[in-house]
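A structural walkthrough
Spelled out, the chains give:
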Amino acid sequence: METIKVGIIGIGIIGKQHLEFYSKIPGAEVIAAADINGSELDRVAEKYNIAYKYTDFRKMLERDDLDAVDVCLHNNYHAPVTIEALQAGKHVYCEKPIAGSYLDGSDMLQMAQQYGKKLHIQLSNLYLRETKAAKVLIEEGKLGKIFHARSAGYRRRGRPFVDGFGTEFFTRKESAGGGALFDMGVYHISELLYLMDMPEVSTITGKIYQEMDMDPKRREISRFDTEEVATGYVRFKDGASLDILESWAIHLNEFDGSSIVGSKGGIRIRGVHNGKRTPLSYHTTMCDMDVDTVFPGDQSDYRWHQLRENTDAYDSSQHHWIAALQGRVNLLPTAQIALDTMLISEGIYLSDHLGREVTADEVRNLSKSSVVTV
């Protein structure tokens, strides 16, 4: 297989996770890294045997031996850095969400098309066993006509920084753009849009909250001004609908997880029960009897890897990216899915601000750039 040479921009918590993935993928070689923290850059480069180090990412983009770059920065830095990388002739992998606003994400997608480069967004739920099994059930018609989905993401108390992990930059609009919706909701909403075959959004209603107590000192340091809970309701042009409940922190012990229902059957993609993730389940009626089936997935996943070509290309977002650059598979439309997800998320914020339902066109027209100059 062709070796794909990658440069990574940002070696914080997320950047290190990406490096771990790349280290286990045949045909992927991270040859360069950029970060403003020189001492941490030295340490990470030594651990992952990265040959070239830069405290200025623009210097790294001048290299002509890079096939692609991986952008692992805070949300409001995604668009400017991604666009510069595309202009430098590199394919770009970017962390989720696509950007800090719909306008910025749209600019990224347009630039990728203009420069003829691939743009891939980290939507890791698309590669989970449950999601792949759900996709098969839907494509085989086991759900019939899909008419509603539920997006649910749960943390009891898992707000970045104020609950003990991560940095304060995750909770500030100036760097992150949003809170629970941008951090977690992007995974669950994008997963459902993918499974529903990317229906076109018509209208959005939403409300966001920050109501739970937090450590006063951490609140002051973080300048926490994003949401910890978000709710929403989306109408699609094909008549289907989607409701959303995303929580960084809430006084409940568990959620039922995301689900999709259709005229012939329904699926619960994943839930939490007694602190453990539940497997994919399928629900239908046979011979006038209600039937509930659980799909553990391990055996089918093993069998597919043995019998089908390029199954490894869907083992993770990074696996898929490298396989697509090698020409083994077509890149999933993750940039468009991520942009549609941003449309919904920003629609929830706009609806909350205006106190009413908003149209997709209103969100597009009123979206403003949240780009941070680099």
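These remarks concern the structure in this document. (Residues numbered from 1 in each chain as written. Predicted model: local features only at pLDDT ≥ 70, side-chain atom pairs only at ≥ 80, totals over all residues. Heavy atoms only, no water.)

Turning to the overall build of the chain, a few remarks are in order. When you go through the chain residue by residue, the secondary structure sums to 13 helices and 17 strands. Computed over C-alpha atoms, the radius of gyration of the chain comes to 21 Å, within 12% of the 21 Å expected from 2.2 N^0.38 for 374 residues, which places it in the range of a compact globule. On the principal axes, the C-alpha backbone points of the chain span a range of 65 × 55 × 40 Å. Across the 374 residues that make up the chain, the buried fraction comes to 54%. (Helix = DSSP H or I, 4+ residues; strand = E, 2+ residues; numbered from the N terminus. Rg over C-alpha atoms; globule rule 2.2 N^0.38 Å. Buried < 20%, exposed > 50% of the residue type's maximum accessible area, 1.4 Å probe, protein only.)

So, about the packing of aromatic side chains. A full pass over the atoms with the stated rule returns four aromatic pairs. Consider the rings of Y154 and F255, whose centres lie 4.9 Å apart with planes at 55°: the pair is tilted. Residue Y154 is found in the loop between β7 (146-153) and α7 (173-176), and its partner F255 is found in the loop between β10 (241-247) and β11 (258-262); the two are separated by 101 residues along the sequence. The partly exposed category is assigned to Y154, whose relative accessible area is 21%. Directly above the aromatic system of Y194 lies the positively charged group of K135, at a separation of 4.3 Å from the ring centroid. (Phe/Tyr/Trp six-rings, centres within 6.5 Å; stacked < 30°, edge-to-face > 60°. Lys NZ or Arg CZ within 6 Å of the ring centre and 35° of its normal.)

A cis amide bond, omega -15°, links K96 with the succeeding residue P97. Among the structural elements, P97 can be located in the loop between β5 (91-94) and α5 (102-115). Located in the positive-phi region is F161, a residue other than glycine, with phi close to 65°. Within the secondary structure, F161 sits in the loop between β7 and α7.

Here we take up the layout of surface pockets. Estimated volume of the second largest pocket: approximately 570 Å³. Lining the second largest pocket are 22 residues, and of these K173, G177, E346, Y349 and L350 lie nearest its centre. Within the residue set of the lining of the second largest pocket, elements represented by two or more residues are β8 (201-209), α12 (334-354) and α13 (360-366). If you tally residues by element for the lining of the second largest pocket, the top one is α12, at four residues. Looking at side-chain class alone, the lining of the second largest pocket contains seven nonpolar, ten polar and five charged residues. (1 Å grid on protein atoms, 1.4 Å probe; cavity = no way out; pocket = protein on both sides within 12 Å on 5 of 7 lines; lining within 4 Å. Points joined across faces, edges and corners; volume = space filled by probe spheres on them. Nonpolar A, V, L, I, M, F, W, Y, C, P; charged D, E, K, R; others polar.)

Between helix α1 (residues 13-23) and helix α11 (residues 317-325), whose axes approach to 9 Å, the crossing angle comes to 60°. Relative to α11, α1 is oriented oblique. Crossing of α1 over α11 shows right-handed handedness. On α11, the residues that touch H18, F21 and Y22 of α1 are Q318, W321 and I322. When the residues that make up the contact of α1 with α11 are grouped by side-chain class, the tally is four nonpolar, two polar and no charged. (Axes fitted to C-alpha atoms, helices over the stretch in contact; angles between N-to-C directions. Parallel < 35°, antiparallel > 145°, perpendicular 65-115°, else oblique. Left-handed = near helix turned anticlockwise from the far one by under 90°. Contact = heavy atoms within 4.5 Å.)

With that out of the way, let us pick up the nonpolar core. By size, the foremost hydrophobic cluster in this structure holds 73 residues, and its most contacted members are L242, I260, I267 and I344. Examining the composition of this core, we find that ten residues originate from one element, α12, more than from any other. The contacts of L242, once residues within four sequence positions are left out, are H148, A149, R150, S151, I189, L192, G232, Y233, V234, F236 and I344. If you look at the next biggest cluster of nonpolar residues, it comprises 21 residues, including V30, Y48, C72 and Y93. (Core = buried A, V, L, I, M, F, W, Y, C linked by side-chain atoms within 4.5 Å.)

This paragraph deals with the sheet that holds strand β15 (residues 280-286). Ordered by their spatial adjacency, nine strands build an open sheet running β16-β15-β12-β11-β7-β10-β9-β8-β17, and the pairing between neighbours is mixed. What marks the edges here is a single partner per strand, and that holds for β16 (289-295) and β17 (358-359). Across the sheet, helix α6 (residues 129-139) touches β7, β11, β12 (265-270), β15 and β16, and the angle it forms with β12 is around 170°. Against the sheet, α12 contacts β8, β9 (229-236), β10 and β17, and its axis sits at roughly 60° relative to β8. (Pairing = 2+ DSSP bridges.)

On to the pattern of salt bridges. Summed over the entire model, instances satisfying the criterion amount to 21 salt bridges. The salt bridge involving D183 is made with K96; its shortest N-O contact spans 3.1 Å. With D183 in helix α8 (residues 180-195) and K96 in the loop between β5 and α5, the pair connects residues that are 87 residues apart, well separated along the chain. This pair shows no difference in class: D183 is buried, exactly as K96 is. Measuring nitrogen to oxygen at the nearest pair gives 3.1 Å for the salt bridge that ties D352 to K207. Taken together, the residues span a long stretch of sequence, with D352 in helix α12 and K207 in strand β8 at a distance of 145 residues. (Salt bridge = Lys/Arg side-chain N within 4 Å of Asp/Glu carboxyl O.)

Once that is clear, we can look at the sheet that holds β5. Strand order in the open sheet formed by six strands is β3-β2-β1-β4-β5-β6, with parallel pairing between adjacent strands. Every other strand in the sheet has two partners, leaving β3 (52-54) and β6 (119-121) as the edge strands with one partner each. The mean inter-strand angle of the sheet, taken between neighbouring strand axes irrespective of direction, is 25°. Where β5 lies against β6, three bridges are found, and the strand directions are parallel. Residue pairing in the sheet places V92 in a bridge with L119 of β6. Together, β1 (4-9), β4 (68-71), β5 and β6 form the strand contacts of helix α4 (residues 75-87), whose direction differs from that of β5 by roughly 160°.

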